Amino acid sequence: MNGSVIDFYYFTGTGNTLRVAMKMAETFRKAGVETNLLRLEKSEAVSINPDHVIGLAFPITVQTASPFIWKFVHALPAAPGTEIFMVDTMMAFSGAVVGPLRRVLRAKSYSTIAAREIIMPNNWYPRKINRRWNNAVIARGMRKAEKYAGDILSGEACWRRVPVLSDGFCKLMLMDSIWKGRAEVGASFRVDLEKCNKCLICEKLCPVENINIDNEKPFDDRCIQCMRCIMFCPATAISRPGKEFERYRAVDLKEIIHS
Ligand SMILES: Cc1cc2nc3c(=O)[nH]c(=O)nc-3n(C[C@H](O)[C@H](O)[C@H](O)COP(=O)(O)O)c2cc1C
C-alpha cells in the first residue's frame, strides 16, 4: 500500500461487517496509518478523496453485494491509480462479487490492491443460535480481519481475478426479478402493534427509508433485506410471517446507530 490515509467505507446489517471493519481499522491505526471509518449509506460515492486509499466492506446478500452497494460502486468517479481494497463477510460462500467488482473498479482506473472474504455467523433468519459456535466463528473472523489488514499494509494481500463465470453469475444474481422478490419479502414484514412502543428506531435504522411506522402498512417495497429492523427492534415487534428465527446481532443497537 502506498497511500498514507485510508477512507474505509462500510455497510453492515447486523454488525458482522462492522466488527470486521473495526478490527481492520484498529490494525491500520496501530501501525500508524490514519483510518477513517465511514458509513457507506451516509456517504456520497462521487465525493471520495482519490488521494486516499479506499476500502469497501459489505455483507454478501444472495451470492453478491446488494444492488444498494453496487449503486455506490457504480457511482464512484474514475480515479487513475487510486488504491482500493474490499472485504466482505458471509456465512459460507459468494460466487458473484470479487471478480465482477474488480472488473468495474479497474474500468474506472483504480488500482485494485486487495480482496478477501471473511466467514462470520449467519444472519439470515437463524432458527436456533448456537452462541458458543457463533463466538468461535467471530473470534476466527477477527483474527482473519487483523491478518488481512496486516497483509494490506505489507503488500502481501492481492485481488485475484476470479473465473469469468462469476461475471455472468453476478449479472444473474442482480436481475431485477430477484431483488423485486426480496423487496416484496421485506414489504411483507409485520409489526405486532401490542409490542411496538413507537420508539421509531426501525425507521432510523433502515438504510433505504423503507419504513414509516405510522402507516397502515409500515414496510414499503424498497427493502434490501439487511435485517437491521427485524433483528434490532428493541421490542422484538417486527417479524416475517411464516418464519421462525432467533434474533442475531453481532453488536449492540447503539453501535449500529452511532457507528
Ligand atoms: C438476505 C440475505 C442473503 C444472504 N446471502 C448469503 C449468501 O449468498 N452467501 C453467504 O455466505 N451468506 C449469505 N448471507 C449471510 C450474510 O452475508 C452474513 O451473515 C453477513 O456476515 C452479514 O453481515 P452483517 O451482519 O454485516 O449484515 C445472507 C444474509 C441475508 C440477510
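Below, the structure is looked at part by part. (Residues numbered from 1 in each chain as written. Predicted model: local features only at pLDDT ≥ 70, side-chain atom pairs only at ≥ 80, totals over all residues. Heavy atoms only, no water.)

Here we take up the overall build of the protein chain. A count of helices and strands for the protein chain gives nine helices and seven strands. Oriented by its inertia axes, the alpha-carbon framework of the protein chain measures out at about 55 × 35 × 30 Å. Per-residue burial for the protein chain yields a buried fraction of 51% across its 259 residues. Just so you have it, the protein chain exposes about 12800 Å², and 52% of that area is on carbon and sulfur atoms. Mean positive and mean negative side-chain charge positions of the protein chain (37 and 27 charges, respectively) differ by 6 Å. (Helix = DSSP H or I, 4+ residues; strand = E, 2+ residues; numbered from the N terminus. Buried < 20%, exposed > 50% of the residue type's maximum accessible area, 1.4 Å probe, protein only. Areas by Shrake-Rupley, 256 points an atom, 1.4 Å probe, with all protein chains shown as cover. Lys, Arg positive; Asp, Glu negative; His and termini not counted. Charge placed at Lys NZ, Arg CZ, Asp CG, Glu CD.)

A word on the state of the cysteines. Summed over the entire model, instances satisfying the criterion amount to zero disulfides. The closest cysteine sulfur to the non-disulfide-bonded Cys-226 is located on Cys-206, 6.4 Å from its own sulfur. (Disulfide = S-S within 2.5 Å.)

Positionally, Ser-66 belongs in the loop between strand S3 (53-59) and helix H2 (67-75). Among the residues examined, Ser-66 registers a relative accessible area of 4% and is labelled buried. When sequence neighbours within four positions are dropped, the list of residues in contact with Ser-66 reads Thr-61 and Trp-179. (Contact = heavy atoms within 4.5 Å.)

One open sheet accounts for five strands, arranged S2-S1-S3-S4-S5; its pairing is parallel. Two strands in the sheet have a free side with no partner beyond their single neighbour: strand S2 (34-39) and strand S5 (111-119). Here the average twist between neighbouring strands, direction ignored, is 15 degrees. Of the strands in this sheet, strand S4 (83-90) and S5 are in contact with helix H4 (residues 131-154), which crosses S5 at around 165 degrees. (Pairing = 2+ DSSP bridges. Axes fitted to C-alpha atoms, helices over the stretch in contact; angles between N-to-C directions.)

The next point concerns the pattern of salt bridges. As a working rule, side chains carrying opposite charge can pair if their charged atoms are close by. Counted by the stated rule, this structure contains 13 salt bridges. Between Lys-23 and Glu-26 there is a salt bridge, and its shortest N-O distance comes to 3.3 Å. Taken together, the residues Lys-23 and Glu-26, both in helix H1 (residues 16-30) and three residues apart, mark about one turn of the helix. Here Asp-252 and Lys-254 are joined by a salt bridge, their closest N and O atoms 3.5 Å apart. Taken together, the salt bridges that share partners define one network made up of Lys-23, Glu-26 and Lys-30. (Salt bridge = Lys/Arg side-chain N within 4 Å of Asp/Glu carboxyl O.)

Turning our attention to unusual backbone geometry. The residue Tyr-125 is not glycine, and still its phi comes out positive at about 45 degrees. Residue placement: Tyr-125 occurs in the loop between S5 and H4. Positive phi values are uncommon outside glycine, yet Lys-198 reaches one of about 55 degrees. Summarising the element assignment, Lys-198 is placed in the loop between strand S6 (190-191) and helix H7 (201-205).

Function-wise, these values are silent; they only describe arrangement.
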